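# Summary of the model geometry
Residues per chain, in single letters:
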Amino acid sequence: MYHYDDFDAQLVRERVAQFRDQVARRLDGSLTEEEFKPLRLMNGLYLQLHAYMLRVAIPYGTLNSRQMRQLAMISERWDRGYGHFTTRQNIQFNWPRLADVPDMLDALAEVEMHAIQSSGNCIRNVTSDPFAGVAADEIEDPRITAELLRQWSTLHPEFTFLGRKFKIAVSAARQDRAAIRVHDIGLEVRRDAAGNPGYRVLVGGGQGRTPMIAKELRAFLPRADLLAYLEAVLRVYNLMGRRDNKFKARIKILVHELGIERFGEMVESEFEALDRSEEVPVAAEFARIARHFAPPDYPPAEDEPEALDRALAAHSDFADWVARNGFAHREPGYLAVTVSLKPIGGAPGDVTAEQMRVLAEAAERFSLGELRVTHEQNIVLPHVRKSDLFALWHLLRGHGLDTANRGLITDIIACPGLDYCALATARSIPVAQAISERFADPARQREIGSLSIKISGCINACGHHHVGAIGILGLDRAGVESYQITLGGDPANEASLGERTGPGFPFEQVPEVVEQIVDTYLALRMPGEGFLQTYRRVGMTPFREALYAGAA
Amino acid sequence: MPVLRDASGVIADSWIRVDHAGEIADGMKVILPWSEDFAPPAGLPSFMLGLHLPNDIETAKVAPHLARLGLISVDFPSFADGRGFSLGRRLRNLGFRGRLRACGPVIADQFAYLLACGYDEVETPESLDRRQPQPQWERALRAISRGYQPGYAGGRSVMQLRHQYGMEP
């Protein structure tokens, strides 16, 4: 994985010192609260319902065991001993004191981490495929591009006071595991007919109150033009994007209002006119970063170790966990393993300091020191020898980290909701907990099969409800929580936005509603059909009938 | 009185803002406001003519006049409205070589970004200067030694330094 050179380290150190100074200037009145707000947001510091919240950037979700240990230390020393992994592959601490934040940032800098641009109207943490470097279907490691963009976007002089936040995701595999079609810019690594590397560029996707699937801006952009082209896109957005209404300020609205053709013409003409005289060839910096992502030296491993077969035969819990949470690794003898942060009845994505240390230990002993955070709010141990799986499972099992539910109905994405968030209109986590408990039986979960439930506590859609097979949106209807249900959302290659079933339901009724949807699906599905396939075949009507039959 | 500063410190303002060309007296260096029918007043040399632009101007409209202008002042209606950063870059891209001024309640923490986007000087309201006096602007300029982005740092960006690219040996 990437390691800072002196330039990176100096910049992060200086940014911490700068923020320390900004905090002091806020306290002595040099900066008004209005002026301080974007400065703290660009350092990941929110003011929430009950306290400040610090969102730490985990670039493209990759971290090492030393960093995970430091996160555990930070959560104990300055927070309440836990953290929350987010749908942006980041981690949030929910209870820091303002005066402690500079020290927390110093502690992050010690392990090559920061909170830069994890919030604010700027280019946010670049996200990517949690199985980068592992999956057999990838062209190259997408994190090389993501790291290049992290640096290019960090403290960008021109694009730090945009009209609204700006999110970029990178995929380099046939299967999109980075949801690039619901980002402001989605990049898909491609090669042209001659084998030259480049990108398919998608623009104007996003969730929030006006969800949209991204449109193609360039079918193939040569790699050499990547940074210049993004500069052109961002400049057109910065100058032309709406500033009169915060809810219409994202690039998706600009692309929608201009039309993709007109927007594309403006970008191309900006791009043609750029002064690129000082540009460093992208290939040079790409090659430097790529060395950091060279495949690790895999210790030799048997592809079908006998001991594993014996353990699988003897322990059905273990066998279920391997079957469900394992992900094929392109290196023979290895498997990537998802550690679910969705125990039955738990808060999705929450981990205690003790669990963080266990994850660090697991990575160190069994995954060449590396971990990934997924946008589904789980952790991936990317490089586990098959012969180590049983020992790993034992370690995780002792700390409540062995839930075998990756992709199942209890692997729920949920935003923090009204329990923490100042924007929320309803609770999210308790809804997730109630559904999780309703479907706790592992056999029943397996029978239902892969099914994503995504819950947001307001229309900003941090819980990605638009792209949940079952999406749940919590609203406030005259002081009462009401939950709107959508069906058929999909963040991947066949990206689609969920369709509303009809009027919302009260909090208590949501698990029952989900159960009715599931029962309808089970009754209608053809052999081998997943929920989305069935839904696309039969449409909304039978689900609507099941949910509202009594109401009419 | 608004405060004018550049990278060297607080400086005197030798330009006078006037509402229309009729107010121009001999020897005055003037900043005129933008209007759709703007034309550089005859007989005024470029080093005496400035133009104040709103931040949503269509740059194509002002492009024909750039060679006649000694100064462009770009309006920053609020520090949070970042259009002026891109407008500055675009004006430089179009070949404007005169003095570029950011005008409005921008804050010291944005000073380095403004200079990196092609601005030479910043004109801020007097009230802001009481909260953020000159030492804060100097400190803000030194806070980050170098950014990553080539083309914004006078040849001293991290990416250029790493690869010794396009630099004097």
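Thresholds, definitions, all that
Residues numbered from 1 in each chain as written. Chains lettered and ligands numbered in written order. Predicted model: local features only at pLDDT ≥ 70, side-chain atom pairs only at ≥ 80, totals over all residues. Heavy atoms only, no water. Axes fitted to C-alpha atoms, helices over the stretch in contact; angles between N-to-C directions. Helix = DSSP H or I, 4+ residues; strand = E, 2+ residues; numbered from the N terminus. Parallel < 35°, antiparallel > 145°, perpendicular 65-115°, else oblique. Contact = heavy atoms within 4.5 Å. Nonpolar A, V, L, I, M, F, W, Y, C, P; charged D, E, K, R; others polar. Pairing = 2+ DSSP bridges. Core = buried A, V, L, I, M, F, W, Y, C linked by side-chain atoms within 4.5 Å. Buried < 20%, exposed > 50% of the residue type's maximum accessible area, 1.4 Å probe, protein only. Buried area = accessible area lost by both parts, 1.4 Å probe. Salt bridge = Lys/Arg side-chain N within 4 Å of Asp/Glu carboxyl O. Patch = residues over 30% accessible without salt bridge, like charges linked within 9 Å, V, L, I, M, F, W, Y side chains within 5 Å. Areas by Shrake-Rupley, 256 points an atom, 1.4 Å probe, with all protein chains shown as cover. Lys, Arg positive; Asp, Glu negative; His and termini not counted. Charge placed at Lys NZ, Arg CZ, Asp CG, Glu CD. Domains from an automatic or database assignment. Polar contact = N/O pair within 3.5 Å; in protein donor to acceptor, adjacent residues only side chain to side chain.

## Details of the packing of helix α10 (residues 306-314) of chain A against helix α11 (residues 316-325) of chain A
Residues and elements named next belong to chain A. For the pair α10 and α11, the least separation of the axes is 5 Å and the interaxial angle reads 115°. In terms of axis orientation, α10 runs roughly perpendicular to α11. Contacts between α10 and α11 involve Leu 308, Ala 311, Leu 312 and Ala 314 from the first element and Ser 316, Phe 318, Ala 319 and Val 322 from the second. Its residues placed into classes, the contact of α10 with α11 shows seven nonpolar, one polar and no charged.

## What about the sheet that holds strand β8 (residues 185-191) of chain A?
Residue and element names in this part refer to chain A. Spatially, five strands are ordered β6-β7-β8-β9-β10 in an open sheet, and the strand pairing comes out mixed. The open sheet has two edge strands, β6 (127-128) and β10 (215-222), and neither has a second partner. Bridge count for β6 against strand β7 (residues 168-171) is two bridges, and the pairing is parallel. Bridging across to β7, Thr 127 finds its partner in Ala 169. Strands β6, β7, β8 and β9 (197-203) of the sheet are contacted by helix α5 (residues 142-153), whose axis makes an angle of about 155° with β7.

## Focus: the nonpolar core
Formed by 159 residues in total, the largest nonpolar core has its most connected members in Met 68, Leu 71, Leu 149, Ile 185 and Phe 263 of chain A together with Leu 91 of chain B. Per element, the largest residue contribution to this core is eleven residues, and it comes from helix α6 (residues 226-240) of chain A. One finds Ile 409, Ile 412, Leu 487 and Phe 543 of chain A within the second-largest nonpolar core, a separate group that totals 33 residues.

## Quick notes on the interface of chain A and chain B
Contact residues are listed per partner, giving 50 residues for chain A and 43 residues for chain B. Summed over both sides, the interface between chain A and chain B buries roughly 4,100 Å², with carbon and sulfur atoms accounting for 54% of that surface. For the pair chain A and chain B, the interface holds ten salt bridges. A salt bridge links Glu 285 of chain A to Arg 162 of chain B, with the nearest nitrogen and oxygen atoms 2.8 Å apart.

## Focus: the environment of Ser 436 of chain A
All names here are of chain A. Inspection of the secondary structure puts Ser 436 in helix α14 (residues 429-438). In this structure the C-alpha to C-alpha distance between Ser 436 and Ile 185, which are 251 residues apart in sequence, comes to 33 Å. Contact partners of Ser 436, with chain neighbours within four places excluded, come to Pro 343, Ile 344, Gly 345, Thr 410 and Ile 412.

## Some points on a positive patch on the surface
Side chains of Lys 37, Arg 209, Lys 246 and Lys 248 of chain A sit close together on the surface and give a patch of like positive charge. Among the structural elements, Lys 248 of chain A can be located in the loop between α6 and α7 (251-258).

## Observations regarding the domain arrangement of chain A
All names here are of chain A. Taken domain by domain, chain A holds domain 1 (6-110), domain 2 (134-291), domain 3 (306-397) and domain 4 (413-548). For domain 2 versus domain 4, the distance between C-alpha centres works out to 31 Å. Listed by partner, the interface residues are twelve residues for domain 2 and 13 residues for domain 4. Roughly 1,100 Å² of surface becomes buried between domain 2 and domain 4 when both sides are summed, with 57% attributable to carbon and sulfur atoms. Linking domain 2 with domain 4 are five residue pairs in polar contact (both at pLDDT 80 or more). Split into classes, the residues belonging to the side of domain 2 that touches domain 4 amount to five nonpolar, three polar and four charged.

## Examining the sheet that holds strand β4 (residues 82-85) of chain A
All names here are of chain A. The antiparallel open sheet is built from five strands, whose spatial order is β1-β2-β5-β4-β13. Every interior strand has two partners, whereas the edge strands, β1 (45-47) and β13 (350-352), have only one. Strand-to-strand twist of the sheet, defined as the mean angle between neighbouring strand axes without regard to direction, takes the value 30°. Bridge analysis of β1 against strand β2 (residues 52-56) gives three bridges, and the strand direction is antiparallel. Bridge pairing in β2 links Leu 47 to Tyr 52. Running at roughly 15° to strand β5 (residues 91-93), helix α3 (residues 65-78) makes contact with β2, β4 and β5 of the sheet.

## Points about the pattern of salt bridges
Per the stated rule, a full pass over the model turns up 70 salt bridges over all chains. Arg 330 of chain A is the partner of Glu 138 of chain A in a salt bridge, and the nearest nitrogen-oxygen pair spans 3.1 Å. Placement of the pair is Glu 138 of chain A in the loop between β6 and α5 and Arg 330 of chain A in the loop between β11 (326-328) and β12 (334-339), with a sequence separation of 192 residues. On the basis of relative accessible area, Glu 138 of chain A is assigned to the buried category, the value being 11%. With a shortest N-O distance of 3.0 Å, Glu 231 of chain A and Arg 89 of chain B are connected by a salt bridge.

## Details of the side chain of Arg 223 of chain A
All names here are of chain A. Turning to its location among the elements, Arg 223 is positioned in the loop between β10 and α6. Residue Arg 223 is classed as buried on the basis of its relative accessible area, which comes to 8%. Here the side chain of Arg 223 touches Glu 140 through a polar contact of 2.4 Å, side chain to side chain. If near-sequence neighbours (up to four positions away) are discounted, Arg 223 is found in contact with Glu 140, Thr 145, Val 189, Pro 197, Gly 198, Tyr 199, Val 282 and Phe 286.

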